[in-house]
Amino acid sequence: MDRAKAVAILSVALAASCSRPAGIVVGSKNFTEQVLLGEILAQQIERRVGVPVERKLNLGGTLLAHEALVKGSIDLYPEYTGTALTAVLKLPPEPDAAAVLGAVRASYERGWRLAWLDPLGFNNTFAMIVRGDAARGGKLAALSDAAGPRAWRMGVGYEFKQRPDGLAGLLKAYGLRTAGDVVTMDLGLLYAALQSGKVDMIAANSTDGLASVLDVKILDDDRHYFPPYQCAVVVREESLARFPQLRPALEQLSGKLPDAVMRKLNYAVDGEHRPPAQVAAEFLRSLAP
């Protein structure tokens, strides 16, 4: 092989190697919890893997984030099992958390060579919430305790009233009675309506930041009506192979973010208006041995 040809081949090889990112790209969807989780993952990788991390947070909705992962624009992002099951795989809701995780794990590995790691610890599903004084006075711990003769003035978001795992099925599953028409409103108004007495039960989310600071009670879904939405890291298997320390670094976070912790972290960003990077750093310091 002559010198010119050898130089040309070497140049092509170097160009190819330079086009491949030297580090890891972390993505997220476009709401507070996701951006905060993306920052936690990015900082954990920087601390434990020791490679550069590029952040592509606030990407957009589920399908945009999923497409970025499949195409390799990002290496990983946090996703919810129930969302993957229904929105990505187009399968019907399933109440068993282990079955949902198993189904999405198998389908993602088979279809796209994507790995679901063990869940982070919280389940961001719908939550029926009452005022704390009502829960204490009525000895309410679970949704089945709220059934019976009492009629509830209920406030819900527009989507909850329409979706198949929403209002109609909930009322039927628990035998809940409503006092008059259910009030629909923007999600941001639900807690104010509950606190002011306009309604006395709301359909919110289990990891809402406000639920960590207000005197409210999240009623246990003891009949498992709502589908599971466990959050876990979804990562390209190619990325796990490229960076052998990546999986153990990420798995250190598995189970470390129960609902109550996630609510407090969300409130620190949304309620206290603190930067997600600062909140993430404090959380990771709290885990340090």
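One structure accompanies this document, and this report is about it. (Residues numbered from 1 in each chain as written. Predicted model: local features only at pLDDT ≥ 70, side-chain atom pairs only at ≥ 80, totals over all residues. Heavy atoms only, no water.)

1. A short note on the layout of surface pockets
Part 1: For the largest pocket, the calculated volume is near 960 Å³.
Part 2: For the largest pocket, the lining is made up of 36 residues, of which F31, N124, L187, N205 and D208 are closest to its centre.
Part 3: Those elements giving two or more residues to the lining of the largest pocket turn out to be helix 2 (32–48), helix 4 (81–88), helix 7 (158–162), helix 9 (190–196), strand 10 (201–205) and helix 12 (259–270).
Part 4: Counted by class, the lining of the largest pocket contains 15 nonpolar, 14 polar and seven charged residues.
Part 5: Along its surface, the second largest pocket is lined by 18 residues, and N123, T125, D220, D221 and H224 are the ones closest to its centre.
Part 6: Those elements that provide at least two residues to the lining of the second largest pocket are strand 5 (126–131) and strand 11 (216–219).
Part 7: Here the lining of the second largest pocket is built from residues that sort into 10 nonpolar, five polar and three charged. (1 Å grid on protein atoms, 1.4 Å probe; cavity = no way out; pocket = protein on both sides within 12 Å on 5 of 7 lines; lining within 4 Å. Points joined across faces, edges and corners; volume = space filled by probe spheres on them. Helix = DSSP H or I, 4+ residues; strand = E, 2+ residues; numbered from the N terminus. Nonpolar A, V, L, I, M, F, W, Y, C, P; charged D, E, K, R; others polar.)

2. Brief notes about unusual backbone geometry
Part 1: Even without a glycine there, the phi angle at K90 is positive, about 60 degrees.
Part 2: On the basis of relative accessible area, K90 is assigned to the exposed category, the value being 61%.
Part 3: With phi around 60 degrees, R113 is a residue other than glycine that occupies positive phi space.
Part 4: As for its placement among the helices and strands, R113 is situated in the loop between helix 5 (97–112) and strand 4 (114–116). (Buried < 20%, exposed > 50% of the residue type's maximum accessible area, 1.4 Å probe, protein only.)

3. Examining the nonpolar core
Part 1: In terms of nonpolar packing, the biggest core is built from 36 residues, with I45, L76 and L246 touching the most fellow members.
Part 2: For this core, the secondary structure elements donating two or more residues are strand 1 (24–27), helix 2, strand 3 (76–80), strand 12 (231–236), helix 11 (246–251), helix 12 and helix 13 (276–287).
Part 3: Top element by residues in this core is helix 2. It accounts for six residues.
Part 4: Leaving out residues up to four positions away in the same chain, L76 has contacts with I24, V25, V26, G27, L41, I45, L69, V233, V234, V235, L246 and L250. (Core = buried A, V, L, I, M, F, W, Y, C linked by side-chain atoms within 4.5 Å. Contact = heavy atoms within 4.5 Å.)

4. A look at the packing of aromatic side chains
Part 1: Applying the stated criterion to the full structure yields eight aromatic pairs.
Part 2: Between Y108 and W112, the aromatic rings sit 5.1 Å apart at their centres with planes inclined by 80 degrees, giving edge-to-face as the arrangement. Separated by four residues within a single helix, Y108 and W112 lie in helix 5, roughly one turn from each other.
Part 3: For W112, a relative accessible area of 31% translates into the label partly exposed.
Part 4: Each ring, one from Y225 and one from F226, has its centre 5.1 Å from the other, and the planes form 65 degrees; the classification is edge-to-face.
Part 5: On the accessibility criterion, Y225 (18% relative accessible area) is buried.
Part 6: Owing to a relative accessible area of 6%, F226 belongs among the buried residues under this scheme.
Part 7: Counting every residue linked through ring pairs, the aromatic cluster contains F126, F160, Y225 and F226.
Part 8: Stacked on the ring of W152, the Lys or Arg R150 has its end atom at 3.8 Å from the ring centre. (Phe/Tyr/Trp six-rings, centres within 6.5 Å; stacked < 30°, edge-to-face > 60°. Lys NZ or Arg CZ within 6 Å of the ring centre and 35° of its normal.)

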